[in-house]
Amino acid sequence: MSSATKNAFLSLAIERQALKFGAFTLKSGRTSPYFFNAGLFASGGDLHRLGECYAATLVENNADFDMLFGPAYKGIPLATATATSLFTQFNKDVPVAYNRKEAKAHGEGGNIVGAPLQGKVMIVDDVITAGTAIRESIDLIQQQGAEPAGVLVALDRQERGSGELSAIQQVQADYNIPVFAIANLTDLSNFIKNDDQLSVYNEKIAQYRAQYGIQA
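Residues numbered from 1 in each chain as written. Predicted model: local features only at pLDDT ≥ 70, side-chain atom pairs only at ≥ 80, totals over all residues. Heavy atoms only, no water.

Enquirer: Hey, could you run me through the overall build of the protein in this one?
Expert: Secondary structure summary: the protein contains 7 helices and 8 strands in total. In terms of overall dimensions, the protein is globule-like: its C-alpha atoms have a radius of gyration of 17 Å, near the 17 Å expected for 216 residues. In terms of its C-alpha atoms, the protein occupies a principal-axis envelope of roughly 55 × 40 × 30 Å. Relative to its 216 residues, the protein shows a buried fraction of 46%. (Helix = DSSP H or I, 4+ residues; strand = E, 2+ residues; numbered from the N terminus. Rg over C-alpha atoms; globule rule 2.2 N^0.38 Å. Buried < 20%, exposed > 50% of the residue type's maximum accessible area, 1.4 Å probe, protein only.)

The following block contains the structure:
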């Protein structure tokens, strides 16, 4: 993965305060020195730049896929922005689909919107926390007779779940599919170490990682 793609993403995330530093209580009850909220990429320009980072991550990793799937709700604009950037940057025109939270009983019906799920399907989301949305997406893809090709997320926290594995590692192990991330916690630490204001958080990140990080 190119450092240019990682740095472009981290720079945008910090600029938009989608990536914040301080003390944040997570759902797990852990107190994290940083917090990521992709919902704060809230303009056309943000989504354009973010889509470029997602698309470049797929291309730079030589990911093998036929189409994109965005889990409701955050995955919907992310998959759309990625598909647009794949076309404008790399001349790769791929179908996109997403799901509804509740199946529609009228009109076209069903809970899948966009292209039919077929071939190798890449799931696009913001992060994998517990992995619940990703597992539901994989079930949905398989029910349609398609094949999950992998998962693409923005940030890998490189953090253990309830066991020794991270949620990302658990998904990889359970389904034997790759999980790609634009950047991970190591990239974040490297990015802020030369920043006068943000480098002070690196010690806190190192302490948090020592307590909750996955084995390298």
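Enquirer: For this particular structure, what's the right way to read unusual backbone geometry?
Expert: Most peptide bonds take the trans form, and the phi angle of most residues other than glycine is negative. The peptide bond linking Ala72 to Tyr73 adopts the cis configuration, its omega dihedral lying at 5°. Inspection of the secondary structure assignment puts Tyr73 in the loop between β3 (67-70) and α3 (75-90). The residue Asn62 is not glycine, and still its phi comes out positive at about 50°. Its place among the elements puts Asn62 in the loop between α2 (44-60) and β3. You can call Asn62 exposed: its relative accessible area is 67%. Phi is positive for Asn176, which is not a glycine, with a value near 55°. Topologically, Asn176 is positioned in the loop between α5 (167-175) and β8 (179-184). Taking the relative accessible area as the measure of exposure, Asn176 reaches 69% and is therefore exposed.

Enquirer: I tried to follow the packing of helix α1 (residues 3-15) against α2 on my own but got confused; where do I start?
Expert: For any two helices packed against each other, one specifies the crossing angle of their axes together with the interaxial distance. Between α1 and α2, the shortest axis-to-axis distance is 10 Å and the interhelical angle comes to 155°. Here α1 lies roughly antiparallel to α2, going by the angle between them. Of the two elements, α1 crosses α2, and the hand of that crossing is left-handed. For the pair α1 and α2, contact is made by Thr5, Ala8, Phe9, Leu12 and Glu15 and by Asp46, Arg49, Leu50, Cys53, Ala56, Thr57 and Glu60, respectively. Among the residues making up the contact of α1 with α2, the classes are represented as 6 nonpolar, 2 polar and 4 charged. (Axes fitted to C-alpha atoms, helices over the stretch in contact; angles between N-to-C directions. Parallel < 35°, antiparallel > 145°, perpendicular 65-115°, else oblique. Left-handed = near helix turned anticlockwise from the far one by under 90°. Contact = heavy atoms within 4.5 Å. Nonpolar A, V, L, I, M, F, W, Y, C, P; charged D, E, K, R; others polar.)

Enquirer: How should the pattern of salt bridges be read in this particular structure?
Expert: Close approach of charged atoms lets side chains of opposite charge pair. Across all of its chains, the model carries 9 salt bridges by this definition. Residues joined by salt bridges that share partners form a network here, namely Glu15, Arg16, Asp46 and Arg49. (Salt bridge = Lys/Arg side-chain N within 4 Å of Asp/Glu carboxyl O.)

Enquirer: How do you make sense of the environment of Glu60 when you look at a structure like this?
Expert: Along the chain, Glu60 falls in helix α2. Each C-alpha atom of the pair Glu60 and Thr5 lies 9.4 Å from the other, and the pair is 55 residues apart in sequence. At 2.9 Å, the side chain of Glu60 and the side chain of Thr5 are in polar contact. (Polar contact = N/O pair within 3.5 Å; in protein donor to acceptor, adjacent residues only side chain to side chain.)

Enquirer: What is the right way to look at the UniProt feature "binding site: orotate" (unreviewed entry) in the protein in this model?
Expert: According to UniProt, the positions carrying the feature "binding site: orotate" (unreviewed entry) are Phe35, Phe36, Thr129 and Arg157. Separation in sequence by 123 residues is not matched in space for these annotated residues, since their most distant C-alpha atoms are only 12.1 Å apart. By secondary structure assignment, the location of Phe35 is in strand β2 (residues 31-36). Apart from the residues lying within four places of it in its own chain, the contact partners of Phe35 are Ala18, Leu19, Lys20, Phe24 and Leu26. (UniProt positions renumbered as here; feature names shortened; annotations may be inferred.)

Enquirer: Looking at this structure, I do not really get helix α7 (residues 202-212). What am I missing?
Expert: Since the α-helix advances by 3.6 residues per turn, residues separated by three or four positions end up pointing in the same direction. Every buried residue of α7 is listed here: Asn202, Ile205, Tyr208 and Tyr212. Buried residues of α7, seen end-on, are gathered within an arc of 120° and therefore sit on one face of the element. Turned more than 90 degrees off the buried face of α7, the exposed positions are Glu203 and Ala210. Summarising the contacts, the buried residues of α7 are in contact with β1 (19-25), β2 and α6 (185-192). (Arc of directions from axis to C-beta.)

Enquirer: Explain the nonpolar core to me, please; I cannot follow it from the model alone.
Expert: One broad trend across soluble globular proteins is that nonpolar side chains are buried collectively. Counting residues in each nonpolar core, the largest one holds 38 residues, and the members touching the most others are Phe9 and Phe36. In terms of residue count, the dominant contributor to this core is α2 (5 residues). Non-local contacts of Phe9, meaning those with residues more than four positions away in its chain, are made with Phe36, Phe41, Leu50, Cys53, Ala154, Ile182 and Ala183. Counting 20 residues, the second-largest nonpolar core is a separate cluster that includes Met67, Ile123, Val151 and Ala167. (Core = buried A, V, L, I, M, F, W, Y, C linked by side-chain atoms within 4.5 Å.)

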